[in-house]
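Structural description and commentary
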Amino acid sequence: MATLKDVARLAGVSVKTVSNVVNGYSFVKPDNRRRVEEALEATGYRPNLGARNLRRGRTGSIALVLPELSIPYFAELAGLVIAAAQEHEWNVLIEQTFGTLSGERSALASLGPHLVDAAILSPEALHVDDFQLSVPSVLLGEHAVDVPISRVGIDNVAAARVAVRHLISLGRKRIAAIGAHPQRGTAALRLEGYRSALEEAGLPFLDELVVTALNYHRADGAAAMKSLLDLRNPPDAVFCFNDLLAIGAMRAATERFVRVPADLAVVGFDNNEESVYSSPSLTSVAPDKGAIARAAVDLLHRQTSSPALEHVETPFSLLVRESTVAR
């Protein structure tokens, strides 16, 4: 491997000048910078990031702690966080907790300044007392616990309200909700937005139309939809708390010969790629996942240099497709 001395010899400059160029310092004469850059390319020199980070007192890595990578929202978000982290010369270590208390506690216990510089967390089961963090951290989304940790996310109440208002605008009267959960803070907030939109329109909130989903997979959405269709007076619309639940719900409706959207309008949440290519395509609340990833990483970068409590709200939109409005 080429060394700084090899590059300096070829460029005809000092090792210090080469180091200044490699580290991005601006106070290098343009002619010297050009010669160093040409020598870097000619020698194929690659900096030793481990040694550089050691000198800087950092690991060069951050942790991303997520519930399930099999859920498209988290998989897509992970890719976007990795891209955003690269701009700060960070590698990303991903920890999957499956949303369990033991998994999340284990992940937090493993985080330390010997391993990562900071962490982005998306917990579902942690209690207030569990948030004993040894590195700067940022929470993704809104959670059932209120802890003094910076966070990034959309307004889930407002997003759910927009989704249900859309169904109401189509003339739907018996609007169900799939995805209530005893622990997930986002589920509680989406349920609050659902209830708010119904009350706003003078429609009753009926317990029989709200179905709990302990997991947010297609099978859970299908099972929930079957229970709703078994009601004596089944719903004419359903708001699902993620897209996988909605995809499962549409499948169950199709198996019962219930037409979507003629008999049943369906709205999902997350706008994953499957929602575009499902048949019918799925109307979905679309959080700006790119904005979430960039804001989380940028906020984390600020936390490592000047810790301060910050809450960043990112945008969302409702993308109307065939599951609510036939083309």
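The preceding data block contains the structure.
Residues numbered from 1 in each chain as written. Predicted model: local features only at pLDDT ≥ 70, side-chain atom pairs only at ≥ 80, totals over all residues. Heavy atoms only, no water.

1. Notes on the sheet that holds strand E1 (residues 61–66)
The strands that make up a sheet are held in pairs by hydrogen bonds between backbone atoms, and each pair lies either parallel or antiparallel. We apply this condition: Think of it this way: DSSP has to see at least two bridges between two strands before they count as a pair. A run of DSSP states H or I qualifies as a helix once it reaches four residues; a run of E qualifies as a strand once it reaches two. Both are numbered from the N-terminal end. Working convention: axes come from line fits to C-alpha atoms, limited for helices to the stretch in contact. Angles between N-to-C directions cover 0 to 180 degrees. In what follows, a contact means two residues having at least one pair of non-hydrogen atoms within 4.5 Å.
What the 6 strands build is an open sheet, ordered E2-E1-E3-E4-E5-E11; its pairing is parallel. Only two strands of the sheet have a single partner each, and these edge strands are strand E2 (91–96) and strand E11 (311–313). Geometrically, the sheet is characterised by an average inter-axis angle of 20 degrees between neighbouring strands, direction not taken into account. Across 3 bridges, strand E3 (residues 118–121) lies against strand E4 (residues 137–140) in parallel orientation. By the bridge assignment, Ala119 is partnered in E4 with Ser137. Helix-sheet contacts for helix H12 (residues 289–305) involve E1, E3, E4, strand E5 (151–153) and E11, and the interaxial angle to E4 is about 160 degrees.

2. Re the sheet that holds strand E10 (residues 283–287)
Taken together, 6 strands build an open sheet; the order of strands is E7-E6-E8-E9-E10-E12 and the sheet is mixed. The sheet is open, and its two borders are formed by strand E7 (210–212) and strand E12 (316–319), each paired with just one other strand. The average undirected angle you get between the axes of adjacent strands in this sheet is 15 degrees. Looking at chain direction, strand E6 (residues 175–180) and strand E8 (residues 237–240) are connected through 4 bridges and run parallel. Note on E8: the bridge partner recorded for Ala176 is Val238.

3. As for unusual backbone geometry
Excluding glycine, residues mostly carry a negative phi; peptide bonds, for their part, are mostly trans. For clarity, the cut-off: Here's how the labels work: a residue is buried when its accessible area is under 20% of the maximum for its type, exposed when over 50%, partly exposed in between, all with a 1.4 Å probe on protein chains only.
Note the cis peptide between Val260 and Pro261, where omega equals 10 degrees. Here Pro261 shows up in the loop between helix H10 (243–255) and strand E9 (265–269). Positive phi, normally seen in glycine, also occurs at Phe257, with a value near 60 degrees. Note that Phe257 resides in the loop between H10 and E9. With a phi angle near 55 degrees, Asn271 is a residue other than glycine that sits in the positive phi range. Mapped onto the elements, Asn271 comes out in the loop between E9 and helix H11 (273–277). We classify Asn271 as buried; its relative accessible area is 17%.

4. Regarding the pattern of salt bridges
It is possible for side chains bearing opposite charge to pair when their charged atoms get close. To keep it simple, the criterion reads: Salt bridges are identified by distance alone: a Lys or Arg side-chain nitrogen within 4 Å of an Asp or Glu carboxyl oxygen.
All chains considered together, the criterion is met by 14 salt bridges. Here Asp130 ties to Arg105 by a salt bridge, and the two come within 2.9 Å at their closest N and O atoms. Within this pair, whereas Asp130 is found in the loop between E3 and E4, its partner Arg105 is found in helix H6 (residues 101–110), the two being separated by 25 residues in sequence. The exposure class assigned to Asp130 is buried, which follows from its relative accessible area of 17%. The salt bridge involving Arg218 is made with Glu274; its shortest N-O contact spans 2.8 Å. In this pair, Arg218 is assigned in helix H9 (residues 218–229) and Glu274 in helix H11, connecting sequence segments 56 residues apart.

5. Here we look at helix H3 (residues 30–43)
The condition is simple: Given a helix with a known number of residues, its expected span is that number minus one, times 1.5 Å. The reported arc concerns the directions from the helix axis to the C-beta atoms and nothing else.
An ideal rise of 1.5 Å per residue puts 20 Å on 14 residues; H3 measures up with 20 Å between its terminal C-alpha atoms. Asn32, Val36, Ala39 and Leu40 are the residues of H3 that are buried. Taken end-on, H3 shows its buried residues confined to a sector of 105 degrees, consistent with a single buried face. Exposed side chains of H3 directed beyond 90 degrees from the buried face belong to Pro30, Glu41 and Ala42. In this structure, the buried side of H3 is in contact with helix H1 (4–11) and helix H2 (15–22). Taken from the residues just after H3, Gly44 is the one with a positive phi, measuring 70 degrees.

6. A short note on H2
Those residues of H2 not exposed but buried are Thr17, Val18, Asn20 and Val21. Along H2, the residues classed as buried sweep out an arc of 160 degrees about the axis, all on the same side. Along its buried surface, H2 packs onto H1 and H3. Gly24 lies just past H2 and shows a positive phi near 80 degrees.

7. What to know about the nonpolar core
In plain terms, the rule: Nonpolar cores are built from buried Ala, Val, Leu, Ile, Met, Phe, Trp, Tyr and Cys residues. Side-chain atoms within 4.5 Å join them into one set.
Ile120, Ile178, Tyr194, Met225, Val238, Phe239 and Val266 are the most contacted members of the largest nonpolar core, which has 73 residues in total. When near neighbours in sequence (up to four residues on either side) are disregarded, Phe239 contacts Ala160, Ala163, Val164, Leu167, Ala176, Ala177, Ile178, Arg190, Tyr194, Val267, Gly268 and Phe269. In terms of nonpolar packing, the next biggest core, distinct from the first, is built from 14 residues, Leu126, Phe131, Leu139 and Ile149 among them.

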